[in-house]
Amino acid sequence: MGGRRRRRKIIARPKRTLPKIFVCPNCGAQTVNVKRIGEGKYVVVCGTCGLREEFDEHPRWSAVDYYNAFVDHFLEGKIKPPQQAGERPAEEGDGGS
Ligand SMILES: [Zn+2]
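Residues numbered from 1 in each chain as written. Predicted model: local features only at pLDDT ≥ 70, side-chain atom pairs only at ≥ 80, totals over all residues.

Participant: What am I meant to see in the overall build of the chain here?
Facilitator: Scanning the chain from terminus to terminus reveals one helix and four strands. The secondary structure elements of the chain, listed N-terminal to C-terminal, are β-β-β-β-α. Looking at the chain as a whole, 12% of its 97 residues are labelled buried. Considering only intrachain contacts with a sequence separation of at least 6, the fraction spanning at least 24 residues in the chain is 30%. (Helix = DSSP H or I, 4+ residues; strand = E, 2+ residues; numbered from the N terminus. Buried ≥ 20, exposed ≤ 12 C-beta atoms within 10 Å, placed from the backbone. Contact = placed C-beta atoms within 7 Å.)

See the structure below:
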């Protein structure tokens, strides 16, 4: 009985963090960022106008899918940029820099 040799398979997986920057459907700036903000949550946010939406994580979605949903929702009027919003947002937990 020979010793069974276990081969360790090392798969080098170059994980490249692609910049996930998209064009904003509201202001047209290429400052829309898709990022994970915790367990199963993603946020798509424009760095220029502040348009943003949070999403539950979809297992099969990539950044561009969140972005596409974000654009759709904006075009449908479901999300509004803070500057143009007539009503004040129910909760704004962002205080300070
Ligand atoms: Zn914008």
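Participant: Help me understand the sheet that holds strand β2 (residues 32–36) in this model?
Facilitator: In sheet architecture, strand pairing relies on hydrogen bonds along the backbone and comes in two forms, parallel and antiparallel. Pairing within the open sheet is antiparallel, and its four strands lie in the order β1-β2-β3-β4. Taken across any chain shown, the strands that pair with only one partner, and hence form the sheet edges, are β1 (21–22) and β4 (52–56). (Pairing = 2+ DSSP bridges.)

Participant: Help me understand the nonpolar core in this model?
Facilitator: One broad trend across soluble globular proteins is that nonpolar side chains are buried collectively. In this structure, Phe22, Cys24, Val32, Val34, Tyr42, Val44, Cys46, Leu51, Tyr66, Tyr67 and Phe70 together form the largest nonpolar core, which totals eleven residues. Leave out the neighbours within four places in its chain, and cysteine 46 touches Cys24, Asn26, Cys27, Ala29, Thr31, Val32, Leu51 and Arg52. (Core = buried A, V, L, I, M, F, W, Y, C linked by C-beta atoms within 7 Å.)

Participant: What is the right way to read the environment of valine 23 from this model?
Facilitator: With respect to the element layout, valine 23 can be found in the loop between β1 and β2. Along the backbone, valine 23 and valine 71 are 48 residues apart, and their C-alpha atoms lie at a distance of 9.5 Å.

Participant: Looking at this model, I keep getting lost on the pairing of β4. Mind explaining?
Facilitator: Note on strand geometry: in a regular strand, side chains alternate between the two faces of the sheet. Looking at chain direction, strand β3 (residues 41–46) and β4 are connected through five bridges and run antiparallel. Within β4, the position partnered with valine 44 by the bridge is glutamate 53. Hairpin geometry of β3 and β4 is characterised by an intervening segment of five residues between the two adjacent antiparallel strands and by a positive phi of about 85° at glycine 50.

Read these as layout, nothing more, since geometry by itself doesn't imply function.
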